[in-house]
Amino acid sequence: MYPSKRIPVEKSIGMILGYDLTRIIPGKHKEAVFRRGHKITAEDIPVLKEIGKDFIWDLKIAEDELHEDEAALRLASAISGDNLIVEMPGEAWADVIAAKKGLFKVRVRQLDAINSRGDTLVATLRNNTVVEEGRVVAKAKVQGLVIKKREIELIEGECKNLGKVLTLHPFLNMKVGLIVTGSEIFYGRKEDSFTPLIVSKVTKFNSEVALRECLPDDPDLISNTILKFIQNGIQIVIVTGGMSPDDASAEGIRRSGASVVSYGAPLSPGAMFLVAYRGDIPIFGIPGGALRFDPGAFDLFGQIAFAGLRITYEMIRHSGHGGLLR
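A brief structural summary. What you see is a predicted model; the values in this text were computed from it and never measured.

## Regarding the packing of helix H7 (residues 219-231) against helix H8 (residues 248-255)
Part 1 of the reasoning: Contact geometry of H7 with H8 gives a least axis separation of 7 Å together with a crossing angle of 45°. Here H8 runs oblique to H7, going by the angle between their axes. Two packed elements cross with a definite hand, and for H7 against H8 that hand is right-handed. Across the interface between the two elements, Pro219, Asp220, Ile222, Ser223 and Ile226 of H7 pack against Ala248, Ser249, Glu251, Gly252, Ile253 and Arg255 of H8.
Part 2 of the reasoning: Partitioning the contact of H7 with H8 into residue classes produces five nonpolar, three polar and three charged.

This is the structure:
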């Protein structure tokens, strides 16, 4: 939406700009050459012509309208939840920035509804993206120099009633218990290459492997060790090794009394990935092949657990889109 009156640049000397003006050099940069509030001088006219401005909007904002900057700020603030910071760097875009390292989540349908209104635009990172502190996770703006207040107020009301479109769940400092299974490793016939891989992945989620056991292929030993870990304050249990139906690891997880969310996932590699819960404690069964790729099955679902969220059957079954990991 634009104001009705426009002034030829030759007659704009002395005007105060009501919006940023941008210069774009393809393949090099994009920058605001004049900022909102700038007073136009005679020396500015050639620059305005150079960036393709033959006229300047005489910006008049009615009582029922918002300037694009204020509208962008309100839009970004309306959609942003905890651990997200909203800033206005200029050029009509409001930035949404991660205040902490964590898992960034998007309510995609709600986002689509906002972007389908016609005058409001929000661009985000993908749902379930791991982000570092300080990263821009979304940008919001409106089309035109002004917008009706009602358009922003409707979105503010929807976000109040339906919930925020954007959320950031910081990674929690979790104590992890690692069980490496396989008689070949237990008896020293094969080197344990799983532990360093798991330690590396867990560290990325701001957590640590606090307890570790190497066990033979005995489901009762695996079950008892899981229970011992939980009794000793472990918050996430990882069992790695063979996860085929005829291996001991999956059976050991079941015998611990854990409820299996899903045994098998539409992932390659990682088809025999297992997720279970004993109460609120997540237990992962990870096939060895799934550890050797980054990201892998554990990265995709571990990030959810380390952010303090519960993994569901639907999450796993919907992971096939993008589940070809190599």
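## Some details on the sheet that holds strand S7 (residues 93-98)
Part 1 of the reasoning: Spatially, four strands are ordered S6-S7-S11-S9 in an open sheet, and the strand pairing comes out antiparallel. The sheet terminates laterally at strand S6 (84-90) and strand S9 (120-124), the two strands that pair on one side only. Each neighbouring strand pair of the sheet contributes to a mean axis angle of 20°, computed without reference to strand direction.
Part 2 of the reasoning: When S7 meets strand S11 (residues 136-142), the two strands line up antiparallel, connected through four bridges. Within S11, the position partnered with Ile97 by the bridge is Val136.

## Here we look at the packing of aromatic side chains
Part 1 of the reasoning: Scanning the model with the defined rule gives seven aromatic pairs in all.
Part 2 of the reasoning: Considering the side-chain rings of Phe273 and Phe301, the 5.8 Å spacing of their centres and the 25° angle between planes classify their relative orientation as stacked. With a gap of 28 residues between them, Phe273 in the loop between strand S17 (259-263) and strand S18 (274-278) and Phe301 in helix H9 (residues 297-306) connect regions that are remote in the sequence. Judged on exposure class, the residue Phe273 and its partner Phe301 are both buried.
Part 3 of the reasoning: Measuring from centroid to centroid gives 5.4 Å for Phe284 and Phe298, while their planes differ by 90°, and the two rings are edge-to-face. Taken as a pair, Phe284 in strand S19 (residues 281-287) and Phe298 in helix H9 lie far apart in primary sequence, 14 residues in all. Note on accessibility: Phe284 and Phe298 belong to one class, buried.
Part 4 of the reasoning: The rings of Phe171, Phe205, Phe273, Phe284, Phe298, Phe301 and Phe306 are connected pair by pair, giving a single aromatic cluster.
Part 5 of the reasoning: Between Lys141 and the ring centre of Trp93, over which it is positioned, the NZ or CZ distance is 5.7 Å.
Part 6 of the reasoning: One cation-aromatic arrangement involves Arg310 over Tyr277; the distance from NZ or CZ to the ring centre is 3.8 Å.

## Some words on the pairing of strand S16 (residues 236-241)
Part 1 of the reasoning: Taking burial as the measure, the six residues of S16 include six buried ones, the bulk of the element.
Part 2 of the reasoning: Burial along S16 is two-sided: the face carrying Ile236, Ile238 and Thr240 and the face carrying Val237, Val239 and Gly241 are both buried.
Part 3 of the reasoning: In this structure, strand S14 (residues 175-181) lies alongside S16, joined through five bridges in parallel fashion. Directly across from Leu178, in S16, lies its bridge partner Ile238.

Parameters and conventions
- Residues numbered from 1 in each chain as written.
- Predicted model: local features only at pLDDT ≥ 70, side-chain atom pairs only at ≥ 80, totals over all residues.
- Heavy atoms only, no water.
- Axes fitted to C-alpha atoms, helices over the stretch in contact; angles between N-to-C directions.
- Helix = DSSP H or I, 4+ residues; strand = E, 2+ residues; numbered from the N terminus.
- Parallel < 35°, antiparallel > 145°, perpendicular 65-115°, else oblique.
- Left-handed = near helix turned anticlockwise from the far one by under 90°.
- Contact = heavy atoms within 4.5 Å.
- Nonpolar A, V, L, I, M, F, W, Y, C, P; charged D, E, K, R; others polar.
- Pairing = 2+ DSSP bridges.
- Phe/Tyr/Trp six-rings, centres within 6.5 Å; stacked < 30°, edge-to-face > 60°.
- Buried < 20%, exposed > 50% of the residue type's maximum accessible area, 1.4 Å probe, protein only.
- Lys NZ or Arg CZ within 6 Å of the ring centre and 35° of its normal.

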